[in-house]
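A closer look at the structure
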Amino acid sequence: MKKLPPLNWLRSFEASARHLNFTHAASELSLTQAAISKQIRNLEYSLGTDLFIRLPRGLQLSEDGAAYLPAVKESIAKLTDVTNELFGGDHVKLLNLRCSLVFFNCCLVQRLPEFRSANPDIDFRLSSEVWVSDGDIDSNVDMEIRYGFGQWPNLVADRLSNDRLIPVCSPDLLLNRPIECLEDLVNHELLHVLGYSDGWSNWLSAMPSGSKVINASQGMQFDTLLSAFSAAENGMGVVLARTSLVEHYIEQGRLVAPLEESLAVEEAFYLVYRAGKCDAGANKVFRNWLVSKAAS
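Predicted model only: the values in this text are computed from it and were never measured.

**With respect to the overall build of the protein chain**
Each helix and strand in the protein chain was counted, giving nine helices and twelve strands. Dimensions of the protein chain along its principal axes, counting C-alpha atoms only, are 75 × 45 × 35 Å. Within the protein chain, counting contacts between residues at least 6 apart in sequence, those at least 24 apart form 74% of the total. Of the roughly 15,600 Å² of accessible surface on the protein chain, 51% is carried by carbon and sulfur atoms. The protein chain carries 27 positive and 36 negative side-chain charges, and their two centres are separated by 7 Å.

Written out as structure tokens, the structure reads:
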């Protein structure tokens, strides 16, 4: 009979498999990358098989690793729940939330102090990703905030945003080259964000005919909206922003919206969870608070 591996090895395996990156797993578990790598090697030696395929850029689960992962994740989640239930304290509830990185930085983090002040008995375990998975929710996560059309099989989705796309830029960018009409965009670099269904091409196509003189394909491309916002703040060009995400930047004067033209988008941010997961307890309190904030 194979001896059960140490729990810390299994935790390192689960985190590494979720991130497909030893460095990110190390950051989550407050360990060094070398420590994570060593624990994975020890686990593989103990099991007599490779759990990962080491690629030049990142990791890929081996066939044995993919088969082993669901049982490890479920076991860790159950152990975490029982530990919190028995020894977490009578007045502390733990909420596991996975969140879109841009939503956390642009919307949620500014409002969390209010929730924490009103609910000091609820603690968070927060993890953020550029793109939260479109599949099922991991067993160790209570709720997720995702971007999409709100249709995920077997999951409940509460809409959190109703966005319009507006061009924004640094106020300093307008000092020498003002943007007073659509045609003025031809004098500026367009900043593009990959991964969204709506971009400059769609936005300009929906505008009046005068916008056809603008080349929608020119300009820098970014893999995250946060990176594009940072570039815009530093005067590198004009980026299309979703209104719910750019509100904080505009309030602080870090970005401005020089044009009145805007375009509604169908995609939105959603709070996603399994049916029955928010019927009671900390999950229900947070769900009701966040949905009410979105409505207002």
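**Some details on the pairing of strand β2 (residues 58-61)**
Direction of pairing for strand β1 (residues 52-55) relative to β2: antiparallel, over a ladder of four bridges. Pairing of I53 across the sheet is with Q60, part of β2.

**What about the sheet that holds strand β11 (residues 263-264)?**
What the five strands build is an open sheet, ordered β9-β8-β10-β7-β11; its pairing is mixed. Whereas interior strands pair on both sides, the edge strands pair on one side only; in this sheet they are β9 (221-222) and β11. Relative to β9, strand β8 (residues 190-193) runs parallel, the two being bridged by two bridges. Residue pairing across strands places V193 opposite F222, the latter belonging to β9.

**Comments concerning the packing of aromatic side chains**
Enumeration over the complete set of coordinates arrives at 14 aromatic pairs. With centroids separated by 5.4 Å and ring planes inclined at 85 degrees, the aromatic side chains of F115 and F286 adopt a geometry described as edge-to-face. Here F115 is found in helix α5 (residues 101-118), whereas its partner F286 is found in helix α9 (residues 281-295), with 171 residues between them in sequence. Their ring planes at 35 degrees and their centres at 5.9 Å tell us that F286 and W289 sit as a pair that is tilted. With F286 and W289 both in helix α9, this residue pair falls three residues apart, about one helical turn. You can call F286 buried: its relative accessible area is 0%. Since its relative accessible area comes to 12%, W289 is described here as buried. Among the aromatic residues, ring-to-ring pairing joins F13, F22, F52 and Y68 into one connected group. Between the NZ or CZ atom of R146 and the centre of the ring of W152, over which it lies, the distance is 5.4 Å. It is R242 that lies over the ring of Y196; its NZ or CZ is 4.0 Å from the centre.

**Examining the environment of N21**
Looking at where N21 falls in the secondary structure, it is placed in the loop between α1 (7-19) and α2 (22-29). C-alpha separation for the pair N21 and R57, spaced 36 residues apart in sequence, amounts to 9.0 Å. With near-sequence residues (within four places) excluded, N21 lies in contact with S16 and L59.

**Quick notes on the nonpolar core**
Of all hydrophobic cores here, the largest spans 42 residues; its most connected members are L108, I145, F229 and F286. For this core, the element with the most residues is α5, which contributes eight residues.

**Observations regarding the side chain of R18**
Mapping R18 onto the fold places it in helix α1. Taking relative accessible area as the criterion, R18 reaches 18% and is therefore assigned buried. For R18, the side chain forms a polar contact with the side chain of E28, separated by 2.8 Å. With near-sequence residues (within four places) excluded, R18 lies in contact with E28, R98, D138 and N140.

Parameters and conventions
Residues numbered from 1 in each chain as written. Predicted model: local features only at pLDDT ≥ 70, side-chain atom pairs only at ≥ 80, totals over all residues. Heavy atoms only, no water. Helix = DSSP H or I, 4+ residues; strand = E, 2+ residues; numbered from the N terminus. Contact = heavy atoms within 4.5 Å. Areas by Shrake-Rupley, 256 points an atom, 1.4 Å probe, with all protein chains shown as cover. Lys, Arg positive; Asp, Glu negative; His and termini not counted. Charge placed at Lys NZ, Arg CZ, Asp CG, Glu CD. Pairing = 2+ DSSP bridges. Phe/Tyr/Trp six-rings, centres within 6.5 Å; stacked < 30°, edge-to-face > 60°. Buried < 20%, exposed > 50% of the residue type's maximum accessible area, 1.4 Å probe, protein only. Lys NZ or Arg CZ within 6 Å of the ring centre and 35° of its normal. Core = buried A, V, L, I, M, F, W, Y, C linked by side-chain atoms within 4.5 Å. Polar contact = N/O pair within 3.5 Å; in protein donor to acceptor, adjacent residues only side chain to side chain.

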